[in-house]
Amino acid sequence: MQGLFDFTVCEQCYKEVIEPEVRQGVELARRLDQAPAVVGGPGFTCQLYSERMRRVWKEAVSMGEQMGLEHLRAKVTERKAKERELQMKTAQLQQQAASLRIQAQTQEHLAINAMRVSLSAASNNIMLAGIGAGKRIDANHILVPSGQADLSQTTQLNNQAAMLKVQAGQVEDQARMAQEEWRRFWE
Ligand SMILES: [Zn+2]
C-alpha cells in the first residue's frame, strides 16, 4: 500500500471492514482505499480475515492516520515473517516425519525377510537332523517348534521400526504445534 508495506485484503474483508470506515471518513481507511494492494490479485493472502488482525485494525484506526499506519505496518510485517517462518518449520517437520515413516516401513520389510530366512534355516536343520536319524521327512510339512528358529534379528528389526514410528509421531506433534502456534498467536 502506497509503497509502505504489503498489506493485502480480500474483497469480502474490504466490504466488511474497510469500506464502511471509508464512508464514515476514517482517514486511515481512506488512505488504504487508494492503495492498489488493498484488494489483492491471485496468489495473495488476505491479512484481515482473522479476529486478531481485525483487532489490530481497530487499534490502528483509534490511533489516527500516522500512528495507525505505523502500528498496522509493524503488525503486518511481523505477521508475514512469522507466517514464513512457521510454514517453513511445518514443511520441514512434515518431511522429516514422512522420511521416518518410510524408514520404519523398510525395517518392517526387512524383519519379515529375516523371519523367513530364520524359519527356513530352522526347518532345513530339522529336515537334515531327521534324515541323519534315518526318518522319512516330508519337506513340505516341517513344523518348526517355537524356540527352534533364531528370531533375534527379526525382533531387533521390528523394535527399530517401532522406535522410528514413535519418532515420526513426535515430529508430527511438533509440526502440529507449529501450526497451532500460528493459529493461536499470529493468524
Ligand atoms: Zn479477507
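Residues numbered from 1 in each chain as written. Predicted model: local features only at pLDDT ≥ 70, side-chain atom pairs only at ≥ 80, totals over all residues.

*Asks:* What's the story with the domain arrangement of the chain in this structure? I'm lost.
*Replies:* A common way to express how large an interface is: the accessible area buried when the components associate. Split by domain assignment, the chain resolves into domain 1 (11-83) and domain 2 (88-186). Placing the centre of domain 1 and that of domain 2 at their C-alpha centroids yields a distance of 54 Å. (Domains from an automatic or database assignment.)

*Asks:* Please clarify how the packing of helix α3 (residues 51-62) against helix α4 (residues 65-132) should be interpreted in this entry.
*Replies:* The relative placement of two packed helices comes down to the angle between their axes together with the axis-to-axis distance. α4 packs onto α3 with a crossing angle of 155° between their chain directions and a minimal axis gap of 7 Å. One finds that α3 runs roughly antiparallel with respect to α4. Note on packing geometry: the crossing formed by α3 with α4 is right-handed. Facing α3, whose interface residues are V56, E59, A60 and V61, α4 presents G68, H71, L72 and K75. For the contact of α3 with α4, a count of residues per class yields four nonpolar, two polar and two charged. (Axes fitted to C-alpha atoms, helices over the stretch in contact; angles between N-to-C directions. Helix = DSSP H or I, 4+ residues; strand = E, 2+ residues; numbered from the N terminus. Parallel < 35°, antiparallel > 145°, perpendicular 65-115°, else oblique. Left-handed = near helix turned anticlockwise from the far one by under 90°. Contact = placed C-beta atoms within 7 Å. Nonpolar A, V, L, I, M, F, W, Y, C, P; charged D, E, K, R; others polar.)

*Asks:* Can you help me understand the packing of α4 against helix α5 (residues 152-186) in this one?
*Replies:* One can describe the packing of α4 onto α5 by two numbers: an axis separation of 8 Å at closest approach and a directional angle of 165°. On the basis of their axis angle, the class for α4 and α5 is roughly antiparallel. The interaxial crossing formed by α4 with α5 has left-handed handedness. A class-by-class count of the residues in the contact of α4 with α5 yields 18 nonpolar, 13 polar and nine charged.

*Asks:* How do you make sense of the confidence of the model for the chain when you look at a structure like this?
*Replies:* Low pLDDT marks stretches whose predicted atomic positions should not be read closely. Considering every residue of the chain, the mean pLDDT works out to 90; 93% of them sit at 70 or more. At the low end of the mean pLDDT range in the chain sits helix α2 (residues 27-33), at 87; at the high end sits α5, at 97. (pLDDT = per-residue confidence, 0-100.)

*Asks:* What's the story with the nonpolar core in this structure? I'm lost.
*Replies:* Within soluble globular proteins, side chains that are nonpolar generally end up buried alongside one another. Ranked by internal contacts, the top residues of the largest apolar core, which has 16 residues, are V9, L28, L48, V56, W57, A60 and L72. Taken together, the elements giving at least two residues each to this core come down to α1 (11-23), α2, α3 and α4. Sort the elements by how many residues they give to this core and α3 lands first, with five residues. Residue contacts for A60: discarding those within four places in its chain leaves L28, G68, H71 and L72. (Core = buried A, V, L, I, M, F, W, Y, C linked by C-beta atoms within 7 Å. Buried ≥ 20, exposed ≤ 12 C-beta atoms within 10 Å, placed from the backbone.)

*Asks:* Before we go on, may I ask you to explain the environment of Q107 in this structure?
*Replies:* Structurally, the position occupied by Q107 is in helix α4. Residues Q107 and Q156 lie 49 residues apart in sequence; the distance between their C-alpha atoms is 9.4 Å. Look past the residues within four positions of Q107 in its chain and what remains in contact with it is L157, Q160, A161 and L164.

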